[in-house]
Amino acid sequence: MDTRVALVGIIVENMDSTPELNKLLHEYGSYIIGRMGLPYRERNVHIISVAIDAPQDVINALSGKIGRLDGITAKTVYSNVGMA
């Protein structure tokens with residue numbers, strides 16, 4: 001199946017939603033290349049970058065599920081590199 005490389009940018013404003021976020025990231029863990037989290041304590045938000053290599057529909061599903069969590073925003077950027 002064709003896959004795409006993408007970066008999912010996540011902003012967490014409601015820390016009560018992080019258990020659900022971590023559950024989703026674990027569920028899609030086989031597609032995740034790596035992740036980096038940065039706490040921005042001065043603004044009381046957390047910024048997470050997730051690099052993923054997965055079929056388009058899987059990436060869309062993960063990003064959509066994350067974006068529906070309370071107090072969490074997700075946006076996805078796709079690579080233009082040829083599909084694997």
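Look up: the structure comes first, before these words.
Residues numbered from 1 in each chain as written. Predicted model: local features only at pLDDT ≥ 70, side-chain atom pairs only at ≥ 80, totals over all residues. Heavy atoms only, no water.

1. What to know about the overall build of the protein
Thinking step 1. Check the secondary structure of the protein and you find 2 helices and 4 strands.
Thinking step 2. Along the protein, helices (α) and strands (β) appear in the sequence β-α-β-β-α-β when read from the amino end.
Thinking step 3. By the compact-globule yardstick of 12 Å for 84 residues, the protein fits well, its C-alpha radius of gyration being 13 Å.
Thinking step 4. Considering only C-alpha atoms, the protein reaches an extent of 40 × 20 × 15 Å along its principal axes.
Thinking step 5. Buried residues in the protein amount to 33% of all 84 residues.
Thinking step 6. Considering only contacts in the protein between residues 6 or more positions apart, those separated by 24 or more positions represent 68%.
Thinking step 7. Split by element, the accessible area of the protein, about 5,400 Å² in all, is 53% carbon and sulfur.
Thinking step 8. Averaging the coordinates of the 8 positive side-chain charges in the protein and doing the same for the 9 negative ones gives two points 2 Å apart. (Helix = DSSP H or I, 4+ residues; strand = E, 2+ residues; numbered from the N terminus. Rg over C-alpha atoms; globule rule 2.2 N^0.38 Å. Buried < 20%, exposed > 50% of the residue type's maximum accessible area, 1.4 Å probe, protein only. Contact = heavy atoms within 4.5 Å. Areas by Shrake-Rupley, 256 points an atom, 1.4 Å probe, with all protein chains shown as cover. Lys, Arg positive; Asp, Glu negative; His and termini not counted. Charge placed at Lys NZ, Arg CZ, Asp CG, Glu CD.)

2. Structural notes on the pairing of strand E2 (residues 32-40)
Thinking step 1. The pairing of E2 with strand E3 (residues 45-54) spans 8 bridges and is antiparallel. Bridging across to E3, Met 36 finds its partner in Ser 49. (Pairing = 2+ DSSP bridges.)

3. Considering the side chain of Ser 63
Thinking step 1. Structurally, Ser 63 is set in helix H2 (residues 56-67).
Thinking step 2. A relative accessible area of 14% means that Ser 63 is categorised as buried.
Thinking step 3. Ignoring anything within four residues of it in the chain, the contact list for Ser 63 reads Ala 74 and Thr 76.

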